[in-house]
Amino acid sequence: MAGVLVILERSGDELAGIARELLGKSRALADALGGPLSALAIGTDAGLIAEQAIKHGADTVYTADDPALAGYTTDGYIAAATAAYAAAQPRLIMAGSSFQMRDFGAALAADLDAGLVVDATDVRVEGDTITAIRPSHGGNVINTYSFATDRPAVVLARKQSFAEATADAGRSGNSQALSLAGMQIRTEVSATTPKSGAVNLTDATIIVSGGRGLGNPENYQKLIPPLAAALGGAYGASRAIVDAGWVPYEHQVGQTGKTVSPKLYVACGVSGAIQHLAGMRTSRTIVAINKDAEAPIFRVATYGVVGDVNDILPLLTDELKARLGG
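From a predicted model like this one, the values you see are computed outputs, not experimental measurements.

> Even after reading the chapter, I still don't get the packing of aromatic side chains, so can you show me in this structure?
Each aromatic ring pair is specified by the distance between its two centres and by the angle formed by the two planes. On inspection of all chains with the given rule, the structure shows three aromatic pairs. Residues Y77 and F104 carry aromatic rings whose centres are separated by 6.3 Å and whose planes lie at 80° to one another, so their mutual orientation is edge-to-face. Highlighted residues: Y77 in helix α3 (residues 74-88) and F104 in helix α4 (residues 99-112), separated in sequence by 27 residues. The residues Y77 and F104 share a single accessibility class, namely buried. With a centroid separation of 6.4 Å and 65° between ring planes, the pair formed by Y220 and Y235 is classed as edge-to-face. With Y220 in helix α5 (residues 217-231) and Y235 in strand β14 (residues 234-237), this residue pair connects regions lying 15 residues apart in the sequence. The exposure class assigned to Y220 is buried, which follows from its relative accessible area of 0%.

> Sorry, what's going on with the sheet that holds strand β8 (residues 122-126) here?
Backbone hydrogen bonds hold the strands of a sheet together, and the pairing may be parallel or antiparallel. Here three strands make up an open sheet; going across it, the order is β8-β9-β10 and the pairing antiparallel. Edge positions in the sheet fall to β8 and β10 (141-147), since each of these pairs with one other strand and no more. Along the sheet, successive strands turn relative to each other by an average axial angle of 25°, direction set aside. Note: β8 against strand β9 (residues 129-136), five bridges, orientation antiparallel. Looking across to β9, one finds that D122 is bridged to I133. Along the sheet face, helix α1 (residues 17-33) touches β8 and β9 and points at about 15° away from the line of β8.

> Would you explain the side chain of Q160 in this entry?
Structurally, Q160 can be placed in the loop between β11 (153-157) and β12 (174-177). What Q160 contacts, discounting residues up to four positions off in sequence, is E21, T202, D203, A204, T205, S261, P262, K263 and R284.

> Sorry, what's going on with the environment of Q184 here?
Structurally, Q184 can be placed in the loop between β12 and β13 (206-210). A relative accessible area of 66% means that Q184 is categorised as exposed. C-alpha separation for the pair Q184 and G76, spaced 108 residues apart in sequence, amounts to 7.2 Å.

> I tried to follow the side chain of D122 on my own but got confused; where do I start?
On the secondary structure map, D122 appears in strand β8. Within the structure, the side chain of D122 is placed 3.2 Å from the side chain of K25, a separation counted as a polar contact.

> Sorry, what's going on with the sheet that holds β14 here?
Judged by pairing direction, the sheet is parallel, and its five strands sit side by side in the order β14-β13-β15-β16-β17 without closing on themselves. Unpaired on one side and paired on the other, β14 and β17 (303-306) mark the two borders of the sheet. On average, adjacent strands in this sheet sit at an angle of 15° to one another, irrespective of strand direction. Two strands pair when backbone bridges link them, and strand β16 (residues 285-290) and β17 are joined in this way by four bridges, in the parallel orientation. In the sheet register, A288 faces β17, and the bridge partner there is G304. Running over the sheet, helix α8 (residues 309-324) touches β15 (264-268), β16 and β17 and is turned about 130° from β16.

> Looking at this model, I keep getting lost on the pattern of salt bridges. Mind explaining?
Proximity of charged atoms lets side chains of opposite charge pair with each other. Taken as a whole and judged by the stated rule, the model has 15 salt bridges. Linking D75 and R186 is a salt bridge whose minimum nitrogen-to-oxygen distance equals 2.9 Å. Remark: R186 occurs in the loop between β12 and β13 and D75 occurs in helix α3; sequence separation between them is 111 residues. We note a salt bridge from D243 to R239, for which the minimum N-O separation is 3.2 Å. Here D243 and its partner R239 are both found in helix α6 (residues 239-243), four residues apart, which amounts to about one turn of the helix. Given the relative accessible area of 56%, D243 is considered exposed. According to the relative accessible area criterion, R239 is partly exposed, its value standing at 38%.

About the cut-offs
Residues numbered from 1 in each chain as written. Predicted model: local features only at pLDDT ≥ 70, side-chain atom pairs only at ≥ 80, totals over all residues. Heavy atoms only, no water. Phe/Tyr/Trp six-rings, centres within 6.5 Å; stacked < 30°, edge-to-face > 60°. Helix = DSSP H or I, 4+ residues; strand = E, 2+ residues; numbered from the N terminus. Buried < 20%, exposed > 50% of the residue type's maximum accessible area, 1.4 Å probe, protein only. Pairing = 2+ DSSP bridges. Axes fitted to C-alpha atoms, helices over the stretch in contact; angles between N-to-C directions. Contact = heavy atoms within 4.5 Å. Polar contact = N/O pair within 3.5 Å; in protein donor to acceptor, adjacent residues only side chain to side chain. Salt bridge = Lys/Arg side-chain N within 4 Å of Asp/Glu carboxyl O.

These values are about where atoms sit, not about what they do.
This is the structure in structure tokens:
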């Protein structure tokens, strides 16, 4: 076994951001393992995704192009992945850590008798050993997993843990169609309906969150969404104000809400309870604004501002609009 196989997620006819991240990271891992970087494109028009994956660093892309794979099912994706594994014989299989991929990854690891790590934030090759890093217990514990060399490892990575691969228009590679003649799908998906007004915080590169320090729900609505809009980001909330009914649950960041890793996280009037830190402390840059200089949020912040958010945020929003032309 050698090299890496990346399971490609897509957004319509485009590679999803997590796929570009995994291709960027896996290119270096495959080189360190002394093998090729392979990828698997699943679903109708998989060839379009394969072309993009090659431009982003893949050597060979296996395609499972079948109408039965237009929507996710465990059986269908496992059939495609096991066929790709048989063809590529990778040492490491990489995928994102979305809800669907968690279902998929666990099933694939069981079928291949492979090791499994979910929600990894880093993967390394050290000599002949593959190591995955996964934070737990609100980020207070860093778990290190090492995999044996005689069987593959399945690693599901947290979004925005790695830099995205950049496309090289002149790059070439191979695309191979997989035979799925024996595929049996026991689940029928009759329809899927996106939730109206749903917020996808896990995909956001910039998040502005508010907490009890804002004082009331009117201040939240007056200050947080406008700042998020000025930055081109999404807006979140602490558990306390979600429980108080200020903001719908889909905006909640924390251990009992969404776990996020944006490039920029702005915490406004958020004290930094342990369960909230568990959901955002892996953000690349954290800006905390709170009038309590001893608030726990400052312990994880990259930059901190001690002051009343109700005074600071209008000034900050106006300044950003002026500078960014918003």
